Amino acid sequence: MAKKGILKSEQMAKCLGCFTCMSVCAAANKKSHAPNKAAIRVRTIGGMTTKFIAIFCNGCKDPTCLKACPTDALVKREGGGVVLVQDECIGCRVCETACAAKAINFDKDTKKPIICHHCGICAKYCPHNCLKITGGDE
């Protein structure tokens, strides 16, 4: 079975908003140190005095983003979620709007969506163990 990222929500209380998960995701997958190139996003629920949440692909079995893509640039990934076929993508952002989890980010430089492929690097380098990747090669 393929990896599927699952957030250990009880651990997010330990999140300090260091954005290490975003930085390593961007570095490993986009060869960038810009957090906006990450497939995961960490945000507050409402201001700096509230808890943090992590937003990333839920690995849907029946992805709404896939159904919405007008060019078939998204293909179903074994274990849930989707894989982007770069050459087929026209950068229309329909998948971003259709994502039920609001987990698709858009790369303004490449004009393509940033899709999580559940590699687990965000969880591996989270200094407070707020994230966990389950399934596949744990």
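The structure this text deals with has already been given above.
It should be emphasised that the depicted structure is a prediction, and the values quoted were computed from it without experimental measurement.

Student: Quick rundown of the nonpolar core? Include the residues and the values.
Tutor: Among the nonpolar cores identified, the biggest contains 22 residues, and Met12, Cys21, Ile40, Val42, Ala54 and Leu131 are the most heavily contacted of them. Elements supplying a minimum of two residues to this core: helix 1 (20-30), strand 3 (52-55), helix 4 (121-125) and strand 8 (131-134). For this core, the leading source of residues is helix 1, giving four residues. Core analysis: the second largest hydrophobic core is formed by 13 residues, Cys65, Cys89, Ala103 and Ile104 among them.

Student: Residues and numbers for the environment of Lys102, please.
Tutor: Looking at the secondary structure, you find Lys102 in the loop between helix 3 (94-98) and strand 6 (105-107). Put simply, Lys102 and Ile55 are 47 residues apart on the chain and 7.5 Å apart in space, counted from C-alpha to C-alpha. Not counting residues up to four positions away in its chain, the partners in contact with Lys102 are Arg41, Ile55 and Thr97.

Student: Let's hear about the pattern of salt bridges: which residues, and what values?
Tutor: Counted by the stated rule, this structure contains four salt bridges. The salt bridge partner of Lys37 is Asp107, with a shortest N-O separation of 2.7 Å. Pair noted here: Lys37 is in the loop between helix 1 and strand 2 (41-44) and Asp107 is in strand 6, with a separation of 70 residues, a long-range link. Exposure remark for Lys37: the relative accessible area of 11% places this residue in the buried category. Between Asp62 and Lys67 there is a salt bridge whose closest N-O contact spans 2.8 Å. In this structure, a network of salt bridges that share partners links the residues Lys37, Asp107 and Asp109.

Student: Tell me what's going on with the environment of Ala39, and back it up with residues and numbers.
Tutor: Relative to the elements of secondary structure, Ala39 occurs in the loop between helix 1 and strand 2. The spatial distance from the C-alpha of Ala39 to the C-alpha of Ile114 is 5.6 Å, given a sequence separation of 75 residues.

Each value, and the rule that gives it
- Residues numbered from 1 in each chain as written.
- Predicted model: local features only at pLDDT ≥ 70, side-chain atom pairs only at ≥ 80, totals over all residues.
- Heavy atoms only, no water.
- Core = buried A, V, L, I, M, F, W, Y, C linked by side-chain atoms within 4.5 Å.
- Buried < 20%, exposed > 50% of the residue type's maximum accessible area, 1.4 Å probe, protein only.
- Helix = DSSP H or I, 4+ residues; strand = E, 2+ residues; numbered from the N terminus.
- Contact = heavy atoms within 4.5 Å.
- Salt bridge = Lys/Arg side-chain N within 4 Å of Asp/Glu carboxyl O.

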